[in-house]
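Chain by chain, the residues:
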Amino acid sequence: MSDIQAKIQQERQEAREVCELKGDGSAECAAAWDAVEELQAEASHQRDREVEKTSLEQYCDDNPEAAECRVYDN
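Numbering of residues starts from 1 in every chain and runs along the sequence as written. Local features in this predicted model are restricted to residues of pLDDT 70 or higher, and side-chain atom pairs are both shown and tallied only at a pLDDT of 80 or more, whereas totals for entire chains, interfaces and linings draw on every residue. With hydrogens and water excluded, all non-hydrogen atoms of the structure serve as input to the side-chain values.

A. The pattern of salt bridges, seen in detail. Salt bridge criterion: a side-chain nitrogen from Lys or Arg within 4 Å of a carboxyl oxygen from Asp or Glu. For the structure on display, the rule yields 2 salt bridges. The residue E11 makes a salt bridge to K7 at a minimum N-O spacing of 3.3 Å. Taken together, the positions of E11 and K7, both in helix α1 (residues 2-22) and 4 residues apart, correspond to about one turn of that helix. Helical segments are the DSSP runs of H or I of at least four residues, strand segments are the runs of E of at least two, and each set is numbered from the N terminus.

B. Up close: the state of the cysteines. Note that a disulfide, as used here, is simply two cysteine sulfur atoms within 2.5 Å. A complete count under the given rule lists 2 disulfides for this structure. Here C19 connects covalently by a disulfide to C29, the sulfurs 1.8 Å from one another. One disulfide, between C19 and C29, carries an S-S torsion of 90° and so falls in the right-handed class. In this pair, C19 is assigned in helix α1 and C29 in helix α2 (residues 27-49), connecting sequence segments 10 residues apart. Burial classes follow relative accessibility: with a 1.4 Å probe on protein chains only, a residue under 20% of its type's maximum area counts as buried, one over 50% as exposed, and anything between as partly exposed. The class of C19 is buried, set by a relative accessible area of 7%. Judged by relative accessible area, which is 5%, C29 ranks as buried. Through a disulfide, C60 is tied to C69; the S-S separation comes to 2.0 Å. An S-S torsion of about -90° defines the bridge between C60 and C69 as left-handed. Note on C60: relative accessible area 17%, which makes it buried. Given the relative accessible area of 14%, C69 is considered buried.

C. Local environment of α2. Helix length check: α2 (23 residues) gives 33 Å between terminal C-alpha atoms against 33 Å at 1.5 Å per residue, within 8%. The complete set of buried residues in α2 reads C29, A32, V36, L39 and A43. By the convention used here, residues are in contact when the closest approach between their heavy atoms is within 4.5 Å. Residues of α2 that are buried in the fold lie against α1. Expected helix span is given by 1.5 Å per residue-to-residue step, counting one fewer step than there are residues.

Next up, the structure:
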């Protein structure tokens, strides 16, 4: 995830530079900020796809030998 955050920062800086050179109302400026928004949306979607573990799952990750964490095959 940190890769996408770094890319967002890079695109944000590039958008600022483009807008400074071409003007805030230019098509290039708008396109640059659209690229930033697309990356931010992708980062949000990636966060949404991450499933948080329950407290039992976290406990079992830390204590796989605990009785509560045993899995029996039928």
